[in-house]
Amino acid sequence: MLDHTMTIAILGVGALGAPVLLLCVHGVSSLLERPLGETATGKACQAVNVTGLLASLGVLSLMLLDGTRHESIAIGEWVSIPHYHFSVKLIFDRLSVPMAILSFVLCGTVGAFATRYMHRERGYNRFFVLYALFVVGMVLTSLAGTIETLFAGWELVGLSSALLVAFFQERPAPARNGLRVWVVYRVSDAALLLAAVVLHHLSGEGDFDQLMGAGPWPDGEAAVSGLPALIVGLLLLVAAAGKSALVPFSGWLPRAMEGPTPSSAVFYGALSVHLGAYLLLRVSAILDTSPWLAAAVVVLGVATAFYAYLVGSVQTDIKSALSFASLVQVGLIVAEIGIGFRYLALIHLLGHACLRTLQFIRAPTLLHDYHQLENAIGHHLPRSGGPLGLAPGPLRTWLYRFALERGYLDSLLAEYVVLPFVRLFIWCDAMERRWTDLLTGRAPQPVKQPTAMMEDVA
Amino acid sequence: MKSFAKKSTTEVANRAPLRPDGRLRVVTEDVQAEEKHLRHVIEHAGHLLPAQGPITVFIHHNTLHAFEDLPFFEAVEKGAQVFGCEPYLSEERYREELGRGRVRVADVEAVLCEDLGPRASEPILRLCTRLDLRLAMLQYPLRYGPTEELLWFVAETDALRRVRRDVSSTTRGRFVAETRRWVMRDLRGGNESGRNGHGTAKSGNERVEADLAGLLERFGHAHIEDWNDRTWEAFALQSLWRVCCTGIKSAPECTASLPAPIRHADLLRQLTGQQTDLPVHDLLISFCAAYLDQGVADWPLPNREQGFYRAFVSLHRQPLGPPNGCLGELSGELARLEDSQIGPLGSIRESLCLLGVPEEELQSFVSATLLALPGWAGMVHQIELRGDRVRHPIPSDSLIEFLAIRLILDRLAVASAARSSLGFRGSLSTLRDELRRLIDAAPAVSVEQRAFQVFQLAQVFGWTAETLSRLRPDDWTALLREIEGFSAIERRRFFHLAYERRFVTRSLDAVALHAPTCPPPDEIPRFQAVFCLDDREESMRRHLEEVAPDVETFGIAGFYGVAIYYRGAADAHFVPLCPIVIRPQHWITEHVVDGLTETHQRRARARRALGTASHRLHVGSRTFALGALVTATVGVLATAPLVARILFPRLTARIRNLFGRLVQAPPVTELHLERSDHVAAGPQNGHVGYSLVEMTEIGERQLRDIGLTQRFARLVFLIGHGSLSLNNPHKSAYDCGACGGAPGAPNGRALARILNDPRIRERLAQRGLNIPGTTVFIGGFHNTCDDSIALFETDRVPDSHRSELEAAQKDLEEALNRNAHERCRRFMSAPLTMSFAAARQHVQARAEDLAQTRPELGHATNAICFVGRRERTRQLFFDRRIFLTSYDPTHDDAQGAILTRLLQAAVPVCSGISLEYYFSHVDSPGFGCGTKLSHNVTALLGVMDGAASDLRTGLPWQMVEIHEPVRLLFVLETTPEVILGIMERHAVIGSVLRNGWALLAVLDPYSQAIQVYRDGRFTCYEPEAEELPQAASSVDWYRGCRDHLDFAEIGRRHVRGPASSR
């Protein structure tokens, strides 16, 4: 006779195991150069998502029936020494279960979409390998019970996203933009990793249920406080900002639209762009310890929302317009988290993800929709220009340009962050060369100019 | 001639920088003339840009329209060079077709012989004939690549150990045996003849022999008699390779080199790898999209109405901009230009002068500059020219202003990049010379590259090292001239000719061997159906004739002669419904019949309310407050439509239609077709419609055009067509081409109304066209995507015709099912074993499926256009590859007045479709718009790849994937004299056919004789086949097959009995 916890454990592991199995099947068959056919891929993808969804729903109903609000399953330890351990642990609570259900619903739907959409495409199999990787990452991040588990999922999502942006690898632009996404993700990953290290340093472990207190989400109380909490919080905020394309990292979001429509729809429009917000929700107890931190979150969220609204209102292509529209809501969700409306933020997140996926999937129908709307309304569609269109002349033009060039974020980052970095390393390179030349007695070699190297970032 | 650059230098010198007061300088006549010239140059360059307009009205046209006045082959090769694209399929693709029998060696040989004439059998150095050589070069893939790659290939693969796999074993055996004999006889040391002093002719060969002696040594000279076959084979190849290399060295070097690019940016990129076009394009793309936007962005570009130049300057001259990398000086430069009042043309002259572009390069430099971002430049040009086709037109001269801005950006970016990466400090005008100096002259073809060609051919022919070692330097030169004279591009051209030849043979055989099925003259068909001449209606007509052998079908340009601006009862605007070359002079509206006006108004209000609400929602979901409210409250509910539409597209569509019906315009509507005779036509009330005289004219012309002047059935259907599918920005490309890329429902309906009018029938009777009182015309609309036909105004059909109408509708339904079934054989995702009804459901689901990138395959198989009586093609299976236009030559006059009318529509429309498919297939990323999967609708005008790319014109790969790129073959049922006369009189028809943009053959109206047009004259055609394959029905012929099929006779035996079958 299975007891309650045991059933939840089995279902929970099933929810994570299903996509892992999919990844194994795809990965192994691709390595053996015997990729699945289109029909088999579609069926596998469907089966896995349905299994995962049913398992998550099972967990949900069991927890509802029983009234438990917090279950965790320890799968094992990576490293364990006294007072210090890295463990793999899944957590089921009011935050992770809805998020897992959302992941399965959206990934499943978009997977079904992609099996037909990608029909006869050369990279069909590659797409689904990356898709499986993404689903694993997404579910792992949602269900993660320790910060290191979350980091693993977070990395998988980042890796698959960057490769999917560069899906059309025969053209230069997708490769360039994929690299850009990858670099921003790396920054955010580094911040998350640092946060994890600091947390471990402080308490010897990264388990959320210990760190965030014993109470179930969102009522936990953080185990850290004061300056350490602020530092950890800020690092996590940077991590969230990179992943969710908050200011100043927003530049990668429109660039991610280079991939096939289903991947841009689910990954950047709907799911992975919310991961930053999800991370903040997960560690929301830390936000409570420091009003400064909470204020920073609110400011960043509101700034992103304003920025994205301004930029979005001048975008002339449907995918960019939708991605900035997403960003407005993500900014608001982050602000809500900062203020402390946890449930509102979660509901907002779930609703937004669903609606935006539908809009992204329908994006190519834009022309048809506009035609229909015009016929229904009986005249040309009004263009309000929004409240900013009413600003006085010179300011309006200035704002318009600011919006059209996406707030100059990319060129500012390139000029004031990347270029100094590159220059520094070139300088180090030159110094090293000098030193080695001195030792070997060779004539000095010319040094490469930074601008030629800047090509990919500028 | 005074150089352009010099002239402008002086001007610029006493212009802006030196005149801080910024007053307009007196414009001299000289400047005016120069600017006029510049305008002319830009206009000329503008012709090279893609002529595709807004994607919502997709007009198929020749992608290389700029080269239309050249012969086809010259034009494609030149076009390919200018645009950097492929003119034909790749050699591998053609060889694949050769491998699977789509092209035969006989075809290749025939086209080679035809081209070479008597030169074909000339021997080349007594090694082989010219024909043999060329044939071998076509048949056998010759590896070619950079020298390093070839050296690697020779060293690392078994290229020097095993003879090519594709060489026959006899040739291989002979090749090895002869080498062996030669080595044993002449090369092996201790040569008797040498010792005796009367040796063989080896004076010139000493070097070779010395070289080979070393080789012999390496192979183990001592055990030469123990060498096995493999060793001998390796030795034969290595000696051959050495002889080839030595021989080539004795011939003069190859001096051909690639032309250097003309733009500074390209030269700089070639030298340093730095792409200055990237920042320039980033800026230009977003600006172009904002400038042309037709309503995606909520906030329009400020100062748009002042033109491209002023809008750009006022936007980008502002302070507090971004650091902008190599465009850092932009705002200062723009401020200078604006303050010194330099206009677009003045700025172009200044930029050209600063960049150091001399007069003689002007045209090509301007063209290359515009072609660096062809999609956007082309769209600016198109919108500027045809402001009537868009909601928000742009001022004229926009292309000139685009060029002005582009040149300013180019020169700033290039100057800054050259400064930073090359440390270039000189004047920008000397930069190109400097760059050209720095770039090494493009390397000529290396010895190894040339030798490897000969080496491979030698294996194919079995030429041994001995044979080649006897060649003198002159012989080597001659041999290389022969081989290199048959270049890759030429090989592809001949492959293409052979590829087409096979197709033409099959098509003409089908027409020539098919005896006409003349209906008995006194028998009246049960009903008649007129369709568009579209290739997709070929199968529809064939199936209808199979289902109901006692009916007749006709084909006509799908606008039915009714060239109108049309507004439906539920439409907001008039849309043109006629070929793009015609500007309609008449307006027609649809309105709801009297009894239902109230319902109509109520529903229109409901639609407006719903429309406004959903528009608000659409825009609102992108804003803060409303967006937050919507997403947080009802967002999760979006899962329902999301999941339903993706997993159950057909069911969801049905439910949506059910609800949609509640607010749709009531189904009982009529056309407002008639206006009184003395009012001018116009879109306002009272001016809508045709006068009686005009309607009579249209009715008579249409009936006479298709030869329907007697034997009227009791029911005549006039069916237009269109295609409705979701998530398909290129949907309009599937609509009726003769209706200008719009669904042509109202046209057939209007013609039916005209022909049913008793007053018009009376007038027609006076003109000798008697339509019996019992004949009823019914308009209809065929949706070629989900294969449905809607008939209009059937409530007006008299009761006497009811039962016949019902029977006819049943036949049409059955034909539609079969048509869907035949289409499904092409869809890889549709099983081949489906039933007719299942096939119909499959195509319905496709039309509603958001994930479907191939809702239909449209014109993807088009290849022939037949103009003649249906008897000549009835019961022939043409595999949906033929445009069928009905025409009765026996009713035409000696000049072919009717034929002329028909061809005026058919030639531009059909050849446009054919050529668009040709180019989009042969180079999908270049001439077409690549894959659909990453497309992003921009500015409501076109698609981009991702969020910032050039605007992609042409057709996506998913649409053209199964196309066979051949030129359209016109088969006209007429005489050579008539068509030559028409070609003489009508420039468009003449230039398309004379320049070979389409092929032409005529079928004699009174016999089976066919004559083919080539190089200005007609020659008789002899069928190659003796008889056509036969099948009982279409499905019997195409069953189980997804590929293109041979043409066959359908149901012949069945209909005429075994006695009359051939």
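Remember, predicted model here, so these are calculated numbers, not experimental data.

Cut-offs used in this document
- Residues numbered from 1 in each chain as written.
- Chains lettered and ligands numbered in written order.
- Predicted model: local features only at pLDDT ≥ 70, side-chain atom pairs only at ≥ 80, totals over all residues.
- Heavy atoms only, no water.
- Helix = DSSP H or I, 4+ residues; strand = E, 2+ residues; numbered from the N terminus.
- Rg over C-alpha atoms; globule rule 2.2 N^0.38 Å.
- Buried < 20%, exposed > 50% of the residue type's maximum accessible area, 1.4 Å probe, protein only.
- Contact = heavy atoms within 4.5 Å.
- Areas by Shrake-Rupley, 256 points an atom, 1.4 Å probe, with all protein chains shown as cover.
- Lys, Arg positive; Asp, Glu negative; His and termini not counted.
- Charge placed at Lys NZ, Arg CZ, Asp CG, Glu CD.
- Phe/Tyr/Trp six-rings, centres within 6.5 Å; stacked < 30°, edge-to-face > 60°.
- Lys NZ or Arg CZ within 6 Å of the ring centre and 35° of its normal.
- Buried area = accessible area lost by both parts, 1.4 Å probe.
- Salt bridge = Lys/Arg side-chain N within 4 Å of Asp/Glu carboxyl O.
- Pairing = 2+ DSSP bridges.
- Axes fitted to C-alpha atoms, helices over the stretch in contact; angles between N-to-C directions.
- Core = buried A, V, L, I, M, F, W, Y, C linked by side-chain atoms within 4.5 Å.
- Domains from an automatic or database assignment.
- Polar contact = N/O pair within 3.5 Å; in protein donor to acceptor, adjacent residues only side chain to side chain.
- Nonpolar A, V, L, I, M, F, W, Y, C, P; charged D, E, K, R; others polar.
- Patch = residues over 30% accessible without salt bridge, like charges linked within 9 Å, V, L, I, M, F, W, Y side chains within 5 Å.

A. Summary view of the overall build of chain A. Helices and strands together make up the secondary structure of chain A, namely 19 helices and two strands. Taking 458 residues into account, the globule formula puts the C-alpha radius of gyration at 23 Å, and chain A, at 24 Å, falls close to it. With the C-alpha coordinates aligned to their principal axes, the bounding extent of chain A is approximately 80 × 75 × 55 Å. Counting across all 458 residues of chain A, residues that qualify as buried make up 59%. Taking as baseline every contact in chain A between residues at least 6 positions apart, the subset at least 24 positions apart corresponds to 76%. Only carbon and sulfur atoms are counted for the fraction: they give 69% of the accessible area of chain A, which is about 17600 Å². In chain A, 29 side chains carry a positive charge and 31 a negative one; their mean positions are 10 Å apart.

B. The packing of aromatic side chains, seen in detail. For the structure shown, the criterion picks out 45 aromatic pairs over all chains. Considering the side-chain rings of Phe167(A) and Phe168(A), the 5.1 Å spacing of their centres and the 90 degrees angle between planes classify their relative orientation as edge-to-face. A single burial state applies to Phe167(A) and to Phe168(A), both of which are buried. Through successive ring pairs, a cluster of aromatic residues spans Phe67(B), Phe72(B), Phe73(B), Phe83(B), Tyr88(B), Tyr918(B), Phe919(B), Phe927(B) and Trp997(B). The cationic tip of Arg126(A) hangs over the ring face of Phe167(A); the distance from NZ or CZ to the ring centre is 4.4 Å. Against the face of Trp154(A) rests Lys243(A), its NZ or CZ located 4.9 Å from the ring centre.

C. Spotlight on the interface of chain B and chain A. Contact residues are listed per partner, giving 91 residues for chain B and 91 residues for chain A. The contact between chain B and chain A buries some 8400 Å² in all, and 62% of this surface belongs to carbon and sulfur atoms. It is Trp299(B), Phe624(B) and Leu933(B) in chain B that bury the most area against chain A; as a group they hold 11% of the surface buried on that side. Applying the counting rule to chain B against chain A returns four salt bridges. Among the salt bridges present, the one from Arg116(A) reaches Asp849(B), with a minimum N-O distance of 2.5 Å. Within the residue set of the side of chain B that touches chain A, elements represented by two or more residues are helix H13 (277–292), helix H14 (308–316), helix H19 (398–422), helix H26 (597–620), helix H27 (625–633), helix H28 (639–647), strand S15 (935–938) and strand S16 (942–945) of chain B.

D. Highlighting the sheet that holds strand S5 (residues 564–567) of chain B. All names here are of chain B. Read across the open sheet, the four strands follow the order S6-S5-S7-S8; overall the sheet is mixed. Because the sheet does not close on itself, it has two edges, and the strands there are strand S6 (575–577) and strand S8 (669–672). Looking at each pair of strands side by side, their axes are set apart by 30 degrees on average, direction ignored. Sheet topology note: the S5/strand S7 (residues 586–592) ladder contains four bridges and is parallel.

E. Main features of the nonpolar core. Among the nonpolar cores identified, the biggest contains 430 residues, and Ile286(A), Ile348(B), Trp463(B), Leu468(B), Phe970(B) and Ile979(B) are the most heavily contacted of them. If near-sequence neighbours (up to four positions away) are discounted, Ile286(A) is found in contact with Met212(A), Ala222(A), Val224(A), Ala229(A), Val232(A), Gly233(A), Leu236(A) and Leu293(A). Formed by 20 residues, the second largest nonpolar core is a distinct cluster that contains Val551(B), Val776(B), Ile778(B) and Leu812(B).

F. Fine view of the pairing of strand S19 (residues 1010–1014) of chain B. Residue and element names in this part refer to chain B. When strand S18 (residues 998–1003) meets S19, the two strands line up antiparallel, connected through three bridges. Paired with Ala1001 across the bridge in S19 is Val1012. Connecting S18 to the next strand, S19, in antiparallel fashion are six residues. A loop of two residues connects S19 with strand S20 (residues 1017–1020), the two strands running antiparallel in sequence, and Asp1015 in this loop sits at a positive phi of about 50 degrees.

G. Up close: the environment of Asp522(B). Positionally, Asp522(B) belongs in the loop between helix H24 (488–513) and strand S3 (527–532). A sequence separation of 405 residues divides Asp522(B) from Gly117(B), and the C-alpha atoms of the two residues are 53 Å apart.

H. Molecular detail of the domain arrangement of chain A. Residues and elements named next belong to chain A. Taken as a whole, chain A is organised into domain 1 (4–364) and domain 2 (408–457). Each of domain 1 and domain 2 has a C-alpha centre, and the two are 36 Å apart. Counting residues at the interface gives eight residues for domain 1, matched by five residues for domain 2. Regarding the contact of domain 1 and domain 2, the summed buried area is about 650 Å², with carbon and sulfur atoms giving 55% of it. On the domain 1 side of the contact with domain 2, Arg176, Arg180 and Pro248 bury the most area, a combined 56% of that side's loss. Between Asp410 and Arg255 there is a salt bridge, with the nearest N and O atoms lying 3.0 Å from each other. There are one residue pair in polar contact (both at pLDDT 80 or more) connecting domain 1 and domain 2. Per-element accounting of the side of domain 1 that touches domain 2 gives the leading share, three residues, to helix H6 (residues 172–203). Residue classes in the side of domain 1 that touches domain 2 are distributed as three nonpolar, two polar and three charged.

I. Here's a closer look at the side chain of Gln52(B). All names here are of chain B. Position of Gln52 relative to the elements: it lies in the loop between helix H2 (29–46) and helix H3 (72–83). Reaching out from Gln52, the side chain makes a polar contact with the backbone nitrogen of Gly954 at a distance of 2.8 Å. The residues touching Gln52, leaving out its near neighbours within four places in the chain, are Phe58, His61, Met379, Gln382, Arg952, Thr953 and Gly954.

J. Local environment of a nonpolar patch on the surface. Residues and elements named next belong to chain B. Together, Leu647, Phe648, Leu651, Ile655, Leu658, Phe659 and Leu662 line one region of the surface with nonpolar side chains, adding up to about 730 Å² of accessible area. The greatest single-element share of the nonpolar patch, amounting to five residues, is contributed by helix H29 (residues 649–663). For Phe659, the position within the fold is in helix H29. Judged by relative accessible area, Phe659 falls into the exposed class, the value being 55%.

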